[in-house]
Amino acid sequence: MPILTLQNISKRYGAVQALAGVSFEVPAGSVFGILGPNGSGKTTLLGIVTDVLKADTGHFTLFDKTPTARERRQIGTLLETPNFYHYLSGYKNLEISAAVKQRGKDDIARVLDICGLTQRQHSAFKTYSLGMKQRLAIAGVLLGDPEVLILDEPTNGLDPAGIAEVRDLVRRLAGTGKTIILASHLLDEVEKVCTHVAILRKGNLLLSGAVNEVISRNDYIEIAAANNHALQSLLLQYPGCTSAELNGGLLKVMFAAQPDAAAINNYCAQQGIWLSHLQLRKKSLETAFLEITNTPAQ
Ligand SMILES: Nc1ncnc2c1ncn2[C@@H]1O[C@H](COP(=O)(O)OP(=O)(O)OP(=O)(O)O)[C@@H](O)[C@H]1O
């Protein structure tokens, strides 16, 4: 059963089409990244799902049901950094969060433990590192043990140590079976923690699904010969070749499917070009992502 199903969600702010007919499913137990550059509609989408905003068209279900207060109670949301009191301890701040959520204090020790803050629970919030502050914010979201967590840019503004701490926490939470939906403009974040992804650009969904399936990462080849221009023309005619760019003394050649280096070597030899260099290289997720986001939206 999908945890969240979006169907044809659109939202406009005046002249800006923030979301244009977005549909996808978030599977149970996934860490689902909503990825896109600034202004692509991520926060708007999370706002709609958490009932802060109303969609113009379309609808969504939570746990396969039209959401009521009962379904919403199973969602813990962190859309912006909470206003913790700087002079109060982590524990006292969570007492306030629990009271706002009309929950008792009995869950505080558990969430502090999950977020690795037990030892520092009685220290003032102002003495916490950036990573600890964000972990406290996530601890607040975990009060009441929701099944689904929605986090908007959870590592934004953190230093590298804080980013690593929050990523570890997200992975740990995923390991306990929680479904985690997080918006991010950081590809690295999605690569490191997400199992699934939806990629948005200017309010359009470019693709969604399991990270390994939707972001194809075929190898590319680096290749050179005495006459690189002749080699370039030749390779552009090779079946499945999508580009051949000259970079320094090497050609970087991309393919629609996994390239076969031996077959390419043979092809060049048959055409009278002897290679001085041929190497298979792994395409980075960043390159794959740029290719996806540079293709026209449907
Ligand atoms: N209240 C609003 N009024 C007018 N335009 C808005 C409003 N909120 C968002 N927008 C516009 O809608 C588009 C989508 O914004 P949104 O904040 O959802 O994107 P985002 O992907 O979350 O970006 P960011 O990472 O910068 O938060 C942007 O062009 C933004 O300027």
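A quick note: this is a predicted structure, and the numbers were derived from the prediction, not measured.

1. Some points on the domain arrangement of the chain
- In terms of domains, the chain is made up of domain 1 (1–74 + 147–216 + 284–298), domain 2 (85–144) and domain 3 (219–282).
- Averaged C-alpha coordinates put domain 1 and domain 3 at centres separated by 37 Å.

2. Remarks on the environment of lysine 11
- In this structure, lysine 11 sits in strand 1 (residues 2–13).
- Linking lysine 11 and isoleucine 199, residues 188 residues apart in sequence, is a C-alpha distance of 17 Å.
- The contact partners of lysine 11, leaving out residues within four places of it in the chain, are Ala18, Leu19, Thr44, Ile48, Leu53, Ala55 and Asp56.

3. Considering the site of the ligand
- Around the ligand sit Tyr13, Val16, Ala18, Gly36, Asn38, Gly39, Ser40, Gly41, Lys42, Thr43, Thr44 and His185, and that is every residue in its neighbourhood.
- For the shell around the ligand, the secondary-structure elements that each account for two or more residues are strand 2 (16–27) and helix 1 (42–49).
- When grouped by side-chain class, the residues that make up the shell around the ligand number three nonpolar, eight polar and one charged.

4. Topic: the pairing of strand 12 (residues 250–255)
- The two faces of strand 12 differ: Leu251, Val253 and Phe255 on one face are buried, but Leu250, Lys252 and Met254 on the other face are not.
- The pairing of strand 10 (residues 219–225) with strand 12 spans three bridges and is classified as antiparallel. If you follow glutamate 222 over to strand 12, its bridge partner there is lysine 252.
- Where strand 11 (residues 241–247) and strand 12 come together, six bridges link them in antiparallel fashion. The residue of strand 12 that forms the bridge with alanine 244 is valine 253.

5. Quick notes on the packing of helix 5 (residues 130–142) against helix 6 (residues 160–175)
- Close contact between helix 5 and helix 6 brings their axes to 8 Å; oriented N to C, the two are set at 30°. The orientation of helix 5 relative to helix 6 falls into the category roughly parallel. Both helix 5 and helix 6 take part in a crossing whose hand is right-handed. The segment helix 5 lies against helix 6, with Leu130, Gly131, Gln134, Arg135 and Ile138 engaging Ala161, Gly162, Glu165, Val166 and Leu169.
- When the residues that make up the contact of helix 5 with helix 6 are grouped by side-chain class, the tally is five nonpolar, three polar and two charged.

6. Re the sheet that holds strand 8 (residues 196–201)
- A sheet is described by the order of its strands in space; here six strands give the open sequence 5-6-7-3-8-9, paired in mixed fashion. The sheet is open, and its two borders are formed by strand 5 (75–78) and strand 9 (204–210), each paired with just one other strand. When the angles between neighbouring strand axes are averaged without regard to direction, this sheet yields 10°.
- The sheet contact formed by strand 6 (residues 148–152) and strand 7 (residues 179–184) spans five bridges and is parallel. Within strand 7, the residue paired with valine 148 across the bridge is threonine 179.
- Packing of helix 6 onto the sheet brings it into contact with strand 3 (31–35), strand 6 and strand 7, and relative to strand 7 it is tilted by some 150°.

How each quantity is defined
Residues numbered from 1 in each chain as written. Predicted model: local features only at pLDDT ≥ 70, side-chain atom pairs only at ≥ 80, totals over all residues. Domains from an automatic or database assignment. Helix = DSSP H or I, 4+ residues; strand = E, 2+ residues; numbered from the N terminus. Contact = placed C-beta atoms within 7 Å. Near = placed C-beta within 6 Å. Nonpolar A, V, L, I, M, F, W, Y, C, P; charged D, E, K, R; others polar. Buried ≥ 20, exposed ≤ 12 C-beta atoms within 10 Å, placed from the backbone. Pairing = 2+ DSSP bridges. Axes fitted to C-alpha atoms, helices over the stretch in contact; angles between N-to-C directions. Parallel < 35°, antiparallel > 145°, perpendicular 65-115°, else oblique. Left-handed = near helix turned anticlockwise from the far one by under 90°.

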